[in-house]
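# Inside the fold
Here's the letter readout for the chains.
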Amino acid sequence: MTSELRTRTIVGVALIAVALGALLAGGLLFWLLLVVAGVLMQGEWGDLTGASADQRKAAMFAVSIPLALLCPLAAGIDWPVLMAGAAGFFFVAFTSRSMKLALGIPYICVPITALQFLRAEQPYAYGLLLAFWALSLVWATDIGAYFAGRSIGGPKLAPRISPSKTWSGLAGGVLAALVLGFLLHRFAGLPIQLAAASGLLAVAAQLGDLLESHMKRRAGVKDSGTLLPGHGGVMDRLDGVVAAAPLAALIYLVLGQGG
């Protein structure tokens, strides 16, 4: 194992351990992890959109307000969060004169709110299952896509955006997500309709990955940041979650409640 792969593996295992620990704890600890990730992502979003240092700091402050209101001891998931998010969006757009920078507010707040909503569902174990499903299917998609793409190869999925992604990788990611979803249904009680929707969420996760790849290509950078050795930035690790989590919450609202 090369030193780079060793570093990537160690950091990857540590990130999963932190995420699982926060998931199990729920409440304030899970919210705190989401807030830290969200503020860091807004900083990286600012770098990718070419914002100045002052503009980037202002946007990080703006996104922190709706995220703070999500605290279980504050407003929680309610109208004040939506209003603060909208105010943050218009504040950043007006002060920076950059719609691209302002779009980072919903890009970050929507998936974090979705994850907080899923984790807060009752009973406790059910909320844990829902949030774990939304996160772990993205991990399964990445693993399935990596191994299918490496072993099968074939036509490129979006060569102008991400030359390494293939249609076989997409299929492998969808299959891995479906397998995980039905395993969670069989052994953990995930509603069957949510398990069946895991393939759709895998596609969303891949689209989220492609969106960030497009932003990095336009910015002329390989990674969104350098915070995580061997992994790049926080956005690099959560680009699939950004797209999959809101869709997971929507599907649960429409199909999964009471399942």
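Below or above, wherever it landed, is the structure these notes cover. Keep in mind that this is a model prediction, so the values were computed, not measured.

## Observations concerning the overall build of the chain
When helices and strands are counted, the chain shows eleven helices and two strands. Counted from the first residue to the last, the chain has its helices and strands arranged as α-α-α-α-α-α-α-β-β-α-α-α-α. For 259 residues, the compact-globule estimate of 2.2 N^0.38 gives 18 Å, and the chain sits close to it at 18 Å. Along the first, second and third principal axes, the C-alpha set of the chain runs to 50 × 45 × 35 Å. Across the 259 residues in the chain, those meeting the buried criterion constitute 49%. Long-range pairs, those at least 24 residues apart, make up 67% of the contacts in the chain with a sequence separation of at least 6. Looking at the chain as shown, the accessible area adds up to about 12800 Å², and 71% of this sits on carbon and sulfur atoms. Looking at the chain, you have 17 positive and 12 negative side-chain charges, and the mean spots of the two groups are 7 Å apart.

## Description of helix H4 (residues 79-96)
The end-to-end C-alpha distance of H4 is 26 Å, a good match for the 26 Å that 18 residues give at a rise of 1.5 Å each. Taken residue by residue, H4 has Val81, Ala84, Gly85, Gly88, Phe89, Val92, Ala93 and Ser96 as its buried positions. Buried residues in H4, looked at end-on, bunch into an arc of 165°, giving them a common side. Along H4, the residues that are exposed and aim more than 90 degrees away from the buried face are Trp79, Met83, Phe90 and Phe94. In this fold, the buried residues of H4 make contact with helix H3 (53-69), helix H5 (99-102) and helix H6 (104-120).

## Considering helix H8 (residues 167-188)
Over its 22 residues, H8 extends 31 Å from the first C-alpha to the last, a length consistent with the 32 Å expected when each residue adds 1.5 Å. Of all the residues in H8, the buried ones are Ser168, Gly169, Leu170, Gly172, Gly173, Ala177, Leu180, Gly181 and Leu184. In the core, the buried residues of H8 are packed alongside helix H7 (124-151), strand S1 (156-158), strand S2 (162-166), helix H9 (192-196) and helix H10 (198-219). In the segment just after H8, glycine 189 is the residue with positive phi, at about 85°.

## A word on the layout of surface pockets
Its boundaries defined by the atoms lining it, the second largest pocket holds a volume of some 360 Å³. Lining of the second largest pocket is provided by 21 residues; of these, Val81, Leu82, Cys109, Val110 and Thr113 occupy positions nearest its centre. Secondary structure elements with two or more residues in the lining of the second largest pocket: H4, H6 and helix H11 (234-256). Among the elements that make up the lining of the second largest pocket, the one with the highest residue count is H6 (seven residues). Per-class residue counts for the lining of the second largest pocket are 18 nonpolar, two polar and one charged.

## Some points on the packing of aromatic side chains
Applying the stated criterion across every chain, the model contains six aromatic pairs. When the centroid spacing of 4.6 Å and the interplanar angle of 40° are considered together, the rings of tryptophan 45 and tyrosine 107 count as tilted. With tryptophan 45 in helix H2 (residues 27-48) and tyrosine 107 in helix H6, the pair connects residues that are 62 residues apart, well separated along the chain. For tryptophan 45, a relative accessible area of 7% gives the class buried. According to the relative accessible area criterion, tyrosine 107 is buried, its value standing at 10%. Judged by centre distance (6.0 Å) and plane angle (55°), the ring pair of phenylalanine 117 and tyrosine 252 falls under tilted. Placement of phenylalanine 117 in helix H6 and of tyrosine 252 in helix H11 is noted, with a sequence separation of 135 residues between them. Note on phenylalanine 117: relative accessible area 19%, which makes it buried. Residue tyrosine 252 is classed as buried on the basis of its relative accessible area of 3%. Residue placement shows arginine 119 over the ring face of tyrosine 124; its charged tip is 4.5 Å from the ring centre. The ring of phenylalanine 187 has arginine 186 sitting right over it, with the charged end atom 5.1 Å from the ring centre.

Reading the values: the criteria
- Residues numbered from 1 in each chain as written.
- Predicted model: local features only at pLDDT ≥ 70, side-chain atom pairs only at ≥ 80, totals over all residues.
- Heavy atoms only, no water.
- Helix = DSSP H or I, 4+ residues; strand = E, 2+ residues; numbered from the N terminus.
- Rg over C-alpha atoms; globule rule 2.2 N^0.38 Å.
- Buried < 20%, exposed > 50% of the residue type's maximum accessible area, 1.4 Å probe, protein only.
- Contact = heavy atoms within 4.5 Å.
- Areas by Shrake-Rupley, 256 points an atom, 1.4 Å probe, with all protein chains shown as cover.
- Lys, Arg positive; Asp, Glu negative; His and termini not counted.
- Charge placed at Lys NZ, Arg CZ, Asp CG, Glu CD.
- Expected span 1.5 Å × (residues − 1).
- Arc of directions from axis to C-beta.
- 1 Å grid on protein atoms, 1.4 Å probe; cavity = no way out; pocket = protein on both sides within 12 Å on 5 of 7 lines; lining within 4 Å.
- Points joined across faces, edges and corners; volume = space filled by probe spheres on them.
- Nonpolar A, V, L, I, M, F, W, Y, C, P; charged D, E, K, R; others polar.
- Phe/Tyr/Trp six-rings, centres within 6.5 Å; stacked < 30°, edge-to-face > 60°.
- Lys NZ or Arg CZ within 6 Å of the ring centre and 35° of its normal.

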